[in-house]
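Listed here are the chains, written in short residue letters.
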Amino acid sequence: TVAIAGIPPLAGFFSKDAILAAAWGSNKILWGVGLLTAGLTACYMFRAVYMTFEGEFRGTEEQKSHLHESPKVMTVPLMILAVGSVFAGFLGIPKLGSFDWNVFGHFLEPVIVDVGHDSHGHHASVTVELLLMAVSVIGAVAGILIAKNLYKTRGLEGGESWAKRSPEVHKLLLEKYRVDELYDAIVVKPLAALSGFCHKVIDSIFVEGVVRTGPFVARLTGDILRFTTTGNVRHYLLYFFAGLLALFWWVMR
């Protein structure tokens, strides 16, 4: 949890610092969004820790009696990941002045563009790099302290009290910034309307209309002509005489 929160010298700090440094060099607004997101990450990670391992058990006594440690198939991979979260970051220590021991970065240089510079192609100075690191750590610590204040001792009550103080913010977070609603409005509904138009107008009227017109005309013609095939010789002589009159009219006009 501490590593994911971005606290040095654990691995999460180095990866977070590299992302924030690249954002600083390209767009300060993106850097601000990344810094806020890093603080929120630290907050919700420690919220999970405090809600899981602090305070009183919130389940039933029967559920409590079934609590046990996870099997080795789960704990051993977690141990390996824990070792990586402690030591892997030292393979990607960012460059500071003449100090350059970014082993993993140099390994990836042939296939990855260098993003640790500003819009003019210059690397940030050592002072700026250190300030960015300090600010990112302060943001992570702030997120941890907020989670501790809300959830360590008060548990769910801490979150509920915060929700009551800031109902609009809580609603916005609960609705996931309304991204689903926005996606539904600008993507799902227009595509559904277009699909409905294609189905009811283009497919049903034009495509199926063209396909069904030929059989319909043939069937209609057959239904009309079958009234002439009565087997009565007098009717056939009448048709023959009408045909002769039509032919005579066409020749004489």
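Preceding this section is the structure that the text describes.
Analysis parameters
Residues numbered from 1 in each chain as written. Predicted model: local features only at pLDDT ≥ 70, side-chain atom pairs only at ≥ 80, totals over all residues. Heavy atoms only, no water. Helix = DSSP H or I, 4+ residues; strand = E, 2+ residues; numbered from the N terminus. Rg over C-alpha atoms; globule rule 2.2 N^0.38 Å. Buried < 20%, exposed > 50% of the residue type's maximum accessible area, 1.4 Å probe, protein only. Areas by Shrake-Rupley, 256 points an atom, 1.4 Å probe, with all protein chains shown as cover. Lys, Arg positive; Asp, Glu negative; His and termini not counted. Charge placed at Lys NZ, Arg CZ, Asp CG, Glu CD. Salt bridge = Lys/Arg side-chain N within 4 Å of Asp/Glu carboxyl O. Axes fitted to C-alpha atoms, helices over the stretch in contact; angles between N-to-C directions. Parallel < 35°, antiparallel > 145°, perpendicular 65-115°, else oblique. Left-handed = near helix turned anticlockwise from the far one by under 90°. Contact = heavy atoms within 4.5 Å. Nonpolar A, V, L, I, M, F, W, Y, C, P; charged D, E, K, R; others polar. Polar contact = N/O pair within 3.5 Å; in protein donor to acceptor, adjacent residues only side chain to side chain.

Caption draft 1: Here's a closer look at the overall build of the protein. Across its full length, the protein carries eleven helices and zero strands. Along the protein, helices (α) and strands (β) appear in the sequence α-α-α-α-α-α-α-α-α-α-α when read from the amino end. Computed over C-alpha atoms, the radius of gyration of the protein comes to 38 Å, more than 25% over the 18 Å expected from 2.2 N^0.38 for 253 residues, which places it beyond the range of a compact globule. With the C-alpha coordinates aligned to their principal axes, the bounding extent of the protein is approximately 110 × 60 × 45 Å. When burial is assessed residue by residue, the protein has 18% of its 253 residues classed as buried. For the protein, the accessible area works out to roughly 18,900 Å², and carbon and sulfur atoms hold 71% of it. One finds the centroid of the 22 positive side-chain charges in the protein at a distance of 10 Å from the centroid of its 21 negative side-chain charges.

Caption draft 2: How the structure looks around the pattern of salt bridges. Inspection of the entire model under this criterion finds four salt bridges. Of the charged contacts, one joins Lys176 and Asp180 as a salt bridge, the two residues approaching to 3.2 Å between their closest N and O atoms.

Caption draft 3: Highlighting the packing of helix H2 (residues 11-26) against helix H7 (residues 126-152). Running from N to C, H2 and H7 point in directions that differ by 120°, and their axes come no closer than 10 Å. Judged by the angle between their axes, H2 and H7 are oblique. Once H2 is placed against H7, the crossing between them reads as right-handed. Contacts from Phe13, Lys16, Asp17, Leu20, Ala21 and Trp24 of H2 reach H7 at Val128, Glu129, Leu132, Met133, Ser136, Val137 and Ala140. When its residues are assigned to classes, the contact of H2 with H7 shows nine nonpolar, one polar and three charged.

Caption draft 4: Highlighting the side chain of Ser136. Summarising the element assignment, Ser136 is placed in helix H7. You can call Ser136 buried: its relative accessible area is 1%. At 2.7 Å, the side chain of Ser136 and the backbone oxygen of Met133 are in polar contact. Look past the residues within four positions of Ser136 in its chain and what remains in contact with it is Phe13, Lys16, Leu20 and Leu35.

Caption draft 5: Seen up close, unusual backbone geometry. Geometrically, the link from Pro8 to Pro9 is a cis peptide bond, its omega value of 5° lying close to zero. Turning to its location among the elements, Pro9 is positioned in the loop between helix H1 (2-5) and H2. One non-glycine residue, Tyr177, lies in positive phi territory at about 60°. Here Tyr177 lies in the loop between helix H9 (167-174) and helix H10 (179-225). For Arg178, which is not glycine, the phi dihedral falls at a positive 55°. Tracing the chain through its elements places Arg178 in the loop between H9 and H10.

Caption draft 6: Summary view of the environment of Ala42. Summarising the element assignment, Ala42 is placed in helix H3 (residues 28-53). Since its relative accessible area comes to 0%, Ala42 is described here as buried. Residues Ala42 and Ala5 lie 37 residues apart in sequence; the distance between their C-alpha atoms is 4.1 Å. If we skip the residues at most four places from it in the chain, Ala42 touches Ala5, Ala140, Gly143 and Ile144.

Any functional reading would require information that these geometric values do not contain.
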